[in-house]
There are 2 protein chains.
Amino acid sequence: MVQSIITLSQDKIPQQWYNIQADLKKLPDPPLHPATKKPIGPDDLAPIFPMELIKQEVTMERFVAIPEDILDIYRLWRPTPLVRAYRLEEALATPARIYFKNESVSPPGSHKPNTAVAQAYFNKKEGFNRIATETGAGQWGSALSFACNLFDIECIVYMVKVSYQQKPYRRSLIEVWNGKIYASPSEQTETGRKILAEDPDSPGSLGMAISEALEETISHPGTKYALGSVLNHVLMHQTVIGLEAKEQMKSVGEYPDVIIGCIGGGSNFAGLAFPFAKDKINGKDIDIIAIEPAASPSITKGLYSYDFGDLSGLTPLLKMYTLGHGFIPPKIHAGGLRYHGMAPLVSAMAKQKLINVNAIQQLETFESGLLFARTQGIVPAPETTHAIAEVIRQAKKCKETGTEKTILFNFSGHGHFDLSAYDDYLAGRLSNYQYPKELIDAAMAQLPKID
Amino acid sequence: MVQSIITLSQDKIPQQWYNIQADLKKLPDPPLHPATKKPIGPDDLAPIFPMELIKQEVTMERFVAIPEDILDIYRLWRPTPLVRAYRLEEALATPARIYFKNESVSPPGSHKPNTAVAQAYFNKKEGFNRIATETGAGQWGSALSFACNLFDIECIVYMVKVSYQQKPYRRSLIEVWNGKIYASPSEQTETGRKILAEDPDSPGSLGMAISEALEETISHPGTKYALGSVLNHVLMHQTVIGLEAKEQMKSVGEYPDVIIGCIGGGSNFAGLAFPFAKDKINGKDIDIIAIEPAASPSITKGLYSYDFGDLSGLTPLLKMYTLGHGFIPPKIHAGGLRYHGMAPLVSAMAKQKLINVNAIQQLETFESGLLFARTQGIVPAPETTHAIAEVIRQAKKCKETGTEKTILFNFSGHGHFDLSAYDDYLAGRLSNYQYPKELIDAAMAQLPKID
């Protein structure tokens, strides 16, 4: 009997998140205040985040305990299955062994609730009952409304307009879970109204939507803000993925040679990779690869520099790979990867060569996603197809060289709400996209100057 | 630690299907030839089904071995989890323990691939490379295209037009898996053209779509037909659900007092219930309840009589509860439950009082589905909300009487492709529906006369 699904019993759900800051030899430069350009302190962040999350952002503890109330909700879908992709291997005739961690089994269909539940919990614990956020493809917005609903918190979501139009069922899902949703740019905020006045047809961007959510937070007392990626505490909450995967790989006598995840803000990649990166820091030989879309190539084409996280410059300045906060990416279907920057921790690890980064074009990712759906069954989210494209490249390389590598990737989400993207691909309506160098140069010219 | 997900290791996937015909004290009357009205033999069915499935339709073997190639595909998602619905119990403040078998984790999102894979396999084995079928809400059509794709079989799906329009992502999904799909009534068949000539706005019905798929089969040599419910072999393939559930319940020291499933053709209900009904036949005290929609109440308002399975009278006559093969149900969102008849085995068991049947209205089912989504997270398919509505009724009864019953239901599918139904419900656009007695009487008047 060939075992393809490797489960883990619920008493093995990690009791602690892993904080890679404790193990990195060199930490990222600290966030700076947007006005003073001096390192920010907890008080600067207190208006938008609960204190516990601010502490988690900077803690140097290697492991942070997961409260029982959060574990109790994780148990609605965790541990997620680790799956051996036999049929994909067979289709590729590769000697590689391909495993994926299936985060698509959560109710919102992605890894996002791992942090959404934690953030909702810590807000509730400090008495905050209203949270504003933004969402790209809708994975994060639906995950946060799912989590807020369980804690009886009001959830307001600004969804990037192009995705709002492409993925109408994401709106429905958010409303099923009692969330309130606006297409961004919207008429709800000054930021939104200003953008619409200049360009009524603006497709929106994550940078814009973040500005709107932050304005909503600041202008409504008692409202806090939640971010679905980028920040240290968000990445840390996702490490349950890698911690579980390690146990599951071990249970079948495996350890990965190659680890792959797609990156938009960096959180699903970090969630799988960081617990293994710990071993790499300690000398283990692993190839850890992050894949970004060629249409929004923050690391492969961006600068490593301080920049704002949002369009309007409301956020602290983060030291990261960035295409410039004014960057508006093309309307690719992988809406969750349309971000101008990259998590400071992921950026620092790329800079330090702890991880490798490739950019892949849209047509190759959809071709890869389709092969996956036709061999393994599950239809991947457009974001996830980026990881799959690299998996297939690696597996083919193994075939050419006759190397039996063990490849592990994060199946970050399913594509049930993204099927119009597959329609477009199958009808030949999609194309590749190279963001013109002049436009990147223009966005770069707006980078804030730090002395 | 409260365990809410009860897994089963892959070496425990059932190796045999359970055939309830071996245990029923009284078998349903045999199918009759539509023209001669005499019992049909294998040769009568040979033009539309492969011989192995015809044999399975009438076998009296209690257990039928599942071929290794089918098990190998089942292992893409089976065993499915058994889940304790703690949060739903808590919301209802009920002393009842509520469990559900989560069949929504399959790639097409429902129980349907359990039989789709088997049917594709037996067709392939006998050399048939083209299969036609019909689908209501799209669960069956997508499951069959998923299965056919894995065996390199061409799959042609006639989808009831109202569902085709309500659920556009089902079409996408079928195309992702290489299937070909038409909205029924279509211009592809004589049946379809005739219906469209009389009523260009016909919303379609399962009866019509079956006629179109059968015409496609008969008029294209080498094409076979596949049915997603109703027939004995289809129900038998679904018994992996109940066989697994029994093992999983046993592993936590439980046995259900009440078993609940929704019924359209009867297959998901049968899949869960039959292995337990075996125990009931042997004296065990269990309450087995099937739920049908009040808008298409085959058992609670229909007659137990011979009738055709399709609109045009192409199928054999089946002895079943029926609203008349001319019945066109209202456009409720639970498209998978819009069928005029009921599986002969389920019908016979209802007649013999082995199972109880209730009809529930649409508004109660959506209210129940929403409560489920807001407590347990997963959004149920409109069909599945019928089972959940009865679960909630039972759990409330347990609260009133202080009885600690163990309730088990089949979570037959998720509602990711049915979110427009929730939109309609949340916007107050849905209403209850009582099919007028005169219309049922008119449909009944068309029942074929059997001497």
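Since this is a predicted model, take the numbers as computed values, not measurements. Within each chain, residues carry numbers counting from 1 in the order of the written sequence. Chains and ligands are labelled by the order in which they are written, letters from A for the one and numbers from 1 for the other. Note on the predicted model: pLDDT of at least 70 is required for a residue's local features to be given, and 80 or more for side-chain atom pairs to be given and counted; whole-chain, interface and lining totals, by contrast, use all residues. Values shown for side chains rest on all heavy atoms present in the structure; no hydrogens or waters enter the calculation.

Observations concerning the packing of helix 16 (residues 362-376) of chain B against helix 17 (residues 382-401) of chain B
In a packed pair of helices, the relevant descriptors are the angle between the two axes and the axis-to-axis distance. Residue and element names in this part refer to chain B. All axes here are fitted lines through C-alpha atoms, helices being fitted over the stretch that makes contact, and every angle between N-to-C directions spans 0 to 180 degrees. Numbering of helices and strands runs from the N terminus; a helix is a DSSP stretch of H or I covering at least four residues, while a strand is a stretch of E covering at least two. Orientation of helix 16 relative to helix 17, taken along the N-to-C sense of each, is 85 degrees, at an axis distance of 7 Å. Classified by the interaxial angle, the pair formed by helix 16 and helix 17 is roughly perpendicular. Here Glu 364, Thr 365, Phe 366, Ser 368, Gly 369, Leu 371 and Phe 372 of helix 16 come into contact with helix 17, specifically with Pro 382, Thr 385, His 386, Ile 388, Ala 389, Ile 392 and Arg 393. Across the contact of helix 16 with helix 17, the residue classes tally to seven nonpolar, five polar and two charged. Roughly parallel means an angle under 35 degrees; roughly antiparallel means over 145; roughly perpendicular covers 65 to 115; every other angle is labelled oblique. Here, residues are in contact when the closest pair of their heavy atoms is within 4.5 Å. Put simply, Ala, Val, Leu, Ile, Met, Phe, Trp, Tyr, Cys and Pro go in the nonpolar bin, Asp, Glu, Lys and Arg in the charged bin, and everything else, Gly too, in the polar bin.

Describing the relation of the copies chain A and chain B
Each copy superposes on the other: chain A lies on chain B with an RMSD of 0.0 Å after a rotation of 180 degrees and an axial shift of 0.0 Å. Read as a symmetry element, the transformation amounts to a two-fold axis. The C-alpha atom lying nearest the rotation axis in chain A is that of His 416 of chain A; the distance is 3.3 Å. Looking at the interface residues of chain A, 100% of them are also at the interface in chain B, so both copies use one shared face. In this comparison the copies share one frame, found by least squares on the C-alpha atoms of residues holding pLDDT of at least 70 in both.

A closer look at the sheet that holds strand 8 (residues 180-184) of chain B
All names here are of chain B. Here four strands make up an open sheet; going across it, the order is 8-7-6-9 and the pairing parallel. Since the sheet does not close on itself, it has two edges, and those belong to strand 8 and strand 9 (223-225), each with one partner. For this sheet, the mean angle separating the axes of adjacent strands, direction not counted, is 25 degrees. If DSSP finds at least two bridges between two strands, the strands pair. As defined by bridge partners, strand 6 (residues 130-135) adjoins strand 9 across three bridges and the pair is classed as parallel. Bridged to Arg 130 within strand 9 is Thr 223.

Describing the interface of chain A and chain B
With 47 residues of chain A in contact, the opposing surface of chain B contributes 47 residues. Together chain A and chain B conceal approximately 3900 Å² of surface at their shared face, both sides included; 56% is due to carbon and sulfur atoms. By the criterion applied in these results, polar contacts are pairs of N or O atoms within 3.5 Å in which, for protein atoms, one can donate a hydrogen and the other can accept it, and in which residues neighboring in sequence qualify only through two side-chain atoms. Taken together, the links from chain A to chain B amount to 25 residue pairs in polar contact (both at pLDDT 80 or more). Those elements giving two or more residues to the side of chain A that touches chain B turn out to be helix 3 (68-74), helix 6 (139-150), helix 8 (168-176), helix 16 (362-376) and helix 18 (419-426) of chain A. Tallying contributions element by element places helix 8 of chain A first for the side of chain A that touches chain B, with seven residues. Here the buried area means the combined drop in accessible surface, using a 1.4 Å probe, for two parts upon being joined, counting both sides.

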